[in-house]
Amino acid sequence: MRKKHDEGAPEAAEVEAPERPRPRLLDASNLEDDAALRPRSFDEYVGQTKVVDNLKVFVQAAKQRGEALDHVLFSGPPGIGKTTLAHLIAHALGVPLRAIGAPAIEHKGTLASYLTSLQERGVFFIDEVHRLQPVVEEYLYPAMEDYRLEIPVGDGPNAEMLPLKLPRFSLVAATTRTGLLSAPFLSRFGIVLRLEYYTPTELTEIVRRSALKLGVSLEPAAGEEIGRRARGTPRIANHLLKRVRDFAEVESDGRVTQAVAASALTRLGVDQLGLDELDRTVLRTIIQKFDGGPVGVESLSAACAEERDTLEDVCEPYLIQEGMLMRTPRGRVATRRAHEHLGLPPPRQGSLV
Ligand code: ADP
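Residues numbered from 1 in each chain as written. Predicted model: local features only at pLDDT ≥ 70, side-chain atom pairs only at ≥ 80, totals over all residues. Heavy atoms only, no water.

Draft legend 1. The arrangement of the site of the ligand in detail. Around the ligand sit 19 residues, and of these Val46, Gly79, Lys82, Thr83 and Thr84 come closest. Arginine 235 is positioned with one of its side-chain polar atoms (N or O) 2.9 Å from an oxygen atom of the ligand. One of the side-chain nitrogen or oxygen atoms of asparagine 238 is found 3.3 Å away from an oxygen atom of the ligand. Protein coverage of the free-state accessible area of the ligand, which is 560 Å², stands at 96%. For the shell around the ligand, the per-class residue count stands at ten nonpolar, five polar and four charged. (Near = heavy atom within 4 Å. Polar contact = N/O pair within 3.5 Å; in protein donor to acceptor, adjacent residues only side chain to side chain. Areas by Shrake-Rupley, 256 points an atom, 1.4 Å probe, with all protein chains shown as cover. Nonpolar A, V, L, I, M, F, W, Y, C, P; charged D, E, K, R; others polar.)

Listed below in structure tokens is the structure:
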């Protein structure tokens, strides 16, 4: 078991769950991407300037030497642009990309068939790499280090291991949780890059470009409204733009004005800070059912009827960055800002916030 757990987090013996789970509007891991909106070159990729500038140098250097690019690990929340960067790397290297999600690599054989079919200096993209089975992960080590695999020939104790030379390739891996990767695995990536949430200005630019590609007539102020409320995430920005366009087409003349955008976003349950219904439920639950916290993530997940992974991968990082939530050794705590944002009385004197 490689999952991290809170130590000493108080778990409520029994927590009343809401009657039915709510659909999660802004779970970027569950939203479909529109291929037409994906940037086609580094120049079209908005934001993450330091990461992109460094990558361009590494790619150029590998090309000049005629070598495979060092293995790359991207980390960051869902919808932040990790897959897009993997495609852009392959594009810049002028090589094909083969992609697979870690859960689909059920055994060593699946991995072997992918690795053996790669092109020289090609890119092998593994998404959600923290979900790789340990036995598969270890099988990957010699492939990453020396471009070599051991293929078992025959069955049972008499099976022989046949060494196989692989093409030189670049593994590009993406994860929402670097903390779950083992140290030996991490150490095999020559390039480790963390993607941060986008600023409202960068998201506004992404919305503007997406509107152009989709042929949506968008007022600049409406773009800003969407960018500001997109939870720091391009995938959510694109999703909101499309939903706002629906409102504009059905209830207005099709033009996305600031008034249309603001009212549509509010009807979609997205508030001024980009928090959605689940974010607010999480905060309200901590404040009202757990006295502001600290509360262990398991109790919180039961009380909100939401999976622990969704809370940890999607919900919490944004709430923490917005100063609404703190992770303490004893569990999650709602901050004073969270109380204010929800219009609830401030935490009592002497509490953790
Ligand atoms: P992740 O792999 O981190 O979950 P993706 O790379 O699939 O995220 O990005 C989701 C979508 O968001 C992409 O299809 C693309 O349309 C858009 N996107 C992501 N990053 C950017 C960016 N920096 N500039 C413009 N659009 C972006």
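Draft legend 2. Quick look at the nonpolar core. With 72 residues, the main nonpolar core has Phe74, Leu85, Ile89 and Val282 as its most contacted residues. Ranked by size, the runner-up nonpolar core spans 29 residues in total, among them Leu132, Leu140, Leu149 and Leu166. (Core = buried A, V, L, I, M, F, W, Y, C linked by side-chain atoms within 4.5 Å. Buried < 20%, exposed > 50% of the residue type's maximum accessible area, 1.4 Å probe, protein only.)

Draft legend 3. Quick look at the pattern of salt bridges. If you walk through the whole model with that rule in mind, you get 27 salt bridges. With a shortest N-O distance of 3.0 Å, arginine 228 and glutamate 225 are connected by a salt bridge. Here arginine 228 and its partner glutamate 225 are both found in helix 7 (residues 220–228), three residues apart, which amounts to about one turn of the helix. Judged by relative accessible area, which is 37%, arginine 228 ranks as partly exposed. Residue classification places glutamate 225 among the buried positions, given a relative accessible area of 3%. Taking the shortest distance from any N to any O, the salt bridge between glutamate 316 and arginine 327 comes out at 2.8 Å. (Salt bridge = Lys/Arg side-chain N within 4 Å of Asp/Glu carboxyl O. Helix = DSSP H or I, 4+ residues; strand = E, 2+ residues; numbered from the N terminus.)

Draft legend 4. Summary view of empty space enclosed by the protein. Counted according to the given criterion, the structure contains one cavity of 30 Å³ or more. Looking at the largest cavity, its volume works out to about 40 Å³. Around the largest cavity, the lining comprises ten residues; the ones closest to its centre are Ala28, Pro78, Arg231, Thr233 and Val314. Per-class residue counts for the lining of the largest cavity are seven nonpolar, one polar and two charged. (1 Å grid on protein atoms, 1.4 Å probe; cavity = no way out; pocket = protein on both sides within 12 Å on 5 of 7 lines; lining within 4 Å. Points joined across faces, edges and corners; volume = space filled by probe spheres on them.)

Draft legend 5. Up close: the sheet that holds strand 1 (residues 72–75). Read from one edge to the other, the open sheet built from five strands follows the order 2-3-6-1-7, with strand pairing classed as parallel. Since the sheet does not close on itself, it has two edges, and those belong to strand 2 (97–101) and strand 7 (191–194), each with one partner. The sheet shows a mean angle of 15° between the axes of neighbouring strands, taken without regard to direction. Where strand 1 and strand 6 (residues 170–175) come together, four bridges link them in parallel fashion. Across the sheet, residue leucine 73 finds its bridge partner in strand 6, namely alanine 173. (Pairing = 2+ DSSP bridges. Axes fitted to C-alpha atoms, helices over the stretch in contact; angles between N-to-C directions.)

Draft legend 6. Representation of the confidence of the model for the chain. Mean pLDDT over the chain works out to 90, with 91% of the residues at or above the 70 mark. A low-confidence stretch, residues 1–20 (pLDDT under 50), is modelled with 46 contacts involving residues beyond four sequence positions or located in other chains. (pLDDT = per-residue confidence, 0-100. Contact = heavy atoms within 4.5 Å.)

Draft legend 7. Region of interest: the pairing of strand 4 (residues 148–153). Looking at chain direction, strand 4 and strand 5 (residues 160–165) are connected through six bridges and run antiparallel. Of the residues in strand 5, the one forming a bridge with arginine 148 is lysine 165. Hairpin remark: strand 4 followed by strand 5, antiparallel, with six residues in the connecting loop; positive phi at glycine 154, about 90°.

Draft legend 8. Just helix 11 (residues 297–304), in detail. Buried residues dominate helix 11, accounting for six of its eight residues. Within helix 11, burial applies to Val297, Ser299, Leu300, Ser301, Ala303 and Cys304. On the buried face of helix 11, the contacting elements are helix 10 (277–289), helix 12 (308–321) and strand 9 (331–334). Alanine 305, located one to two residues past helix 11, shows a positive phi value of around 50°.

Draft legend 9. Structural detail: the environment of glutamate 196. By the element assignment, glutamate 196 lies in the loop between strand 7 and helix 6 (200–214). For the pair glutamate 196 and glycine 154, spaced 42 residues apart in the sequence, the C-alpha separation amounts to 48 Å. The contacts of glutamate 196, once residues within four sequence positions are left out, are Gln48 and Ile80.

Draft legend 10. Representation of unusual backbone geometry in the model. Going from glycine 293 to proline 294, the amide bond is cis rather than trans, its omega being 0°. Residue placement: proline 294 occurs in the loop between helix 10 and helix 11. For glutamine 48, which is not glycine, the phi torsion reads 50° and is therefore positive. Relative to the assigned elements, glutamine 48 resides in the segment before helix 1 (49–65). Taking the relative accessible area as the measure of exposure, glutamine 48 reaches 10% and is therefore buried. Here tyrosine 147, not a glycine, exhibits a phi torsion of approximately 55°, which is positive. For tyrosine 147, the location among the structural elements is in the loop between helix 4 (134–146) and strand 4.

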